[in-house]
Amino acid sequence: MTGAPTVAGAPAARGLPPGAALAAVTLAGVASAAQGVVNAELGERAGDPTLGALVNNLGGALLVGLGVLVLPSARTGLVALRRARLPWWAYLGGLGGAGIVLAGVYIVPVLGVAIFTIAQVAGGSLGGLAVDRAGLAPGGRLALTRPRVAGALLGVAAVTLAQLGQPVGDLAVGLVLLAVAGGLGVALQSALNARVSAAGSAAAGMVVNFATATPVVLLVAALAGALTGPGPTWPGDWYLYTGGLLGVVIVAALLVGVPSVGVLRTGLALVAGQLGGALLLDALLPGGPGLRLPVLAGALLTLTATLVAGRGPRRSGSRDVAPPSAGGPAASAATAGSATPG
């Protein structure tokens, strides 16, 4: 079926069936919740929260780099990407993931995880609507229909419900707006990474994501003093260093989701998975709060929002197609540790 008109230079893309794509992204949301937990604990135990984000991105970049060395198809994708001659800004998607994970490190202690998460999801929903409407992702434009707007609003309401009872910090307007901007950045990240992937390959999309995000995280860590002074105390628990692997899984799922269902629904499915993952972690981790009904209700309501956003007549001649979050994430933080899709 012929795709809708795209923004100049945007390659057309055909993704998985919508149900399969949404299932993959929802599972990646569970991985995103786990990523947030391990990154936060690693940063806390190492002595600087920025170190968790740094290890996450370095680990992901290392895994992607090894993939390029081992897999000929990955190198072929990079060659195809070079020949595609995309506009320079198409390669900046990784900045969205880097921005949200770094913002979480400094904003969550002030606003609290609840306000930060709600603001980020609000920004991601707004960004998803705008990016889909503009056709920045491969596959074309999606009309600003009532079901899509209703799905976005329902998603924000679901996350607000899930955060009931969570601690709330100082309501600094500037930081709230910064968290909203972080959500917008994650929506752009997903769209641009999918655009790069369509022009080259999924591996090429991941390479560009981590190649863009990692230097930014490294620079911020250096400016914050995390790389100077007394050496960090690195914990010996291996699972605390799996953030990079989880980030690769999240980015790969977003690259699958966006061409099939668009940026908005991909983001909502990721949030639903994050809430479900947070629920599992709360119930399974020693000392956790156990089953929290608001989180369960929020996860189910977010899944409903994903379905609602896909209803309604499709635009003539278009498919329901379209962003790591991050984690860097996407990606929103369902727990105190901010997750990122990259």
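Figured I'd write up the structure that's included with this text. Treat the numbers as computed from the prediction; the structure is a model and nothing was measured.

Of regular secondary structure, the protein chain possesses 10 helices and zero strands. From first element to last, N terminus to C terminus, the protein chain shows the α and β order α-α-α-α-α-α-α-α-α-α. In the protein chain, which comprises 342 residues, the proportion classed as buried is 53%. Put simply, the protein chain shows about 13,700 Å² of open surface, and 71% of that area lies on carbon and sulfur atoms.

Take G200: it is sitting in the loop between α7 (173-199) and α8 (202-223). In this structure G200 comes out as partly exposed when scored by relative accessible area, which is 23%. For the pair G200 and T76, spaced 124 residues apart in sequence, the C-alpha to C-alpha distance is 7.9 Å. Contacts of G200, omitting those with residues within four sequence positions, involve G77, A80 and L81.

Helix length check: helix α2 (residues 49-70), at 22 residues, gives a terminal C-alpha distance of 33 Å against a target of 32 Å (1.5 Å per residue), a fit within 8%. Tucked inside the fold, the buried residues of α2 contact α1 (18-46), α3 (72-84), α4 (94-111), α8 and α9 (243-284). Of the residues flanking the start of α2, the one acting as N-cap is D48, its side-chain oxygen 2.8 Å from the backbone nitrogen of T50.

Moving on, we get to the pattern of salt bridges. With the rule as written, the count across this model stands at three salt bridges. Across the pair R45 and E41 runs a salt bridge, and its minimum N-O distance is 3.0 Å. Here R45 pairs with E41, and both are found in helix α1, just four residues apart, close to one helical turn. In this structure, R45 and D237 form a salt bridge, with 2.8 Å as the shortest nitrogen-oxygen distance. A residue pair is termed long-range when its members are at least 10 positions apart, and R45 in helix α1 and D237 in the loop between α8 and α9 qualify at 192 residues. Here the salt bridges do not stand alone but share partners, grouping E41, R45 and D237 into one network.

A few words now on the side chain of T214. The residue T214 is located in helix α8 in this model. Beyond its immediate chain neighbours, meaning those up to four positions away, T214 contacts N57, L58 and A61.

If you look at the biggest cluster of nonpolar residues, it comprises 15 residues, and the most contacted ones within it are V25, I250, L254 and L270. Breaking this core down by element, the ones donating at least two residues are α1 and α9. For this core, the leading source of residues is α9, giving seven residues.

Taken as a whole and judged by the stated rule, the model has one aromatic pair. The interplanar angle of 85° and the centroid separation of 6.2 Å between the aromatic rings of W238 and Y239 together place this pair among those described as edge-to-face. Accessibility expressed as a relative area gives 66% for W238, which makes it exposed.

The next point concerns unusual backbone geometry. Backbone geometry places R85, a non-glycine residue, at a positive phi of 55°. Looking at where R85 falls in the secondary structure, it is placed in the loop between α3 and α4.

Tracing the chain through its elements places S197 in helix α7. Spatially, the C-alpha atoms of S197 and A252 are 9.9 Å apart, while their sequence positions differ by 55 residues. Not counting residues up to four positions away in its chain, the partners in contact with S197 are A202, G205 and L255. There is a polar contact of 3.3 Å between the side chain of S197 and the backbone nitrogen of A202.

For the rest of this paragraph, the subject is α1. With 29 residues, α1 should reach 42 Å at 1.5 Å per residue; the first-to-last C-alpha distance of 41 Å fits that figure. Phi turns positive one or two residues past the end of α1, at G47, with a value near 105°.

Turning to a nonpolar patch on the surface, a few remarks are in order. Taken together, the side chains of L62, L63, L66, L69, V70, L71, L245 and V249 present a nonpolar region at the surface, about 770 Å² in accessible area. Listing elements by their share of the nonpolar patch, those giving two or more residues are α2 and α9. Top contributing element to the nonpolar patch by residue count: α2, with five residues. Residue position: L71 is located in the loop between α2 and α3. On the basis of relative accessibility, which here comes to 45%, the residue L71 falls in the partly exposed class.

Procedures and definitions
Residues numbered from 1 in each chain as written. Predicted model: local features only at pLDDT ≥ 70, side-chain atom pairs only at ≥ 80, totals over all residues. Heavy atoms only, no water. Helix = DSSP H or I, 4+ residues; strand = E, 2+ residues; numbered from the N terminus. Buried < 20%, exposed > 50% of the residue type's maximum accessible area, 1.4 Å probe, protein only. Areas by Shrake-Rupley, 256 points an atom, 1.4 Å probe, with all protein chains shown as cover. Contact = heavy atoms within 4.5 Å. Expected span 1.5 Å × (residues − 1). Polar contact = N/O pair within 3.5 Å; in protein donor to acceptor, adjacent residues only side chain to side chain. Salt bridge = Lys/Arg side-chain N within 4 Å of Asp/Glu carboxyl O. Core = buried A, V, L, I, M, F, W, Y, C linked by side-chain atoms within 4.5 Å. Phe/Tyr/Trp six-rings, centres within 6.5 Å; stacked < 30°, edge-to-face > 60°. Patch = residues over 30% accessible without salt bridge, like charges linked within 9 Å, V, L, I, M, F, W, Y side chains within 5 Å.

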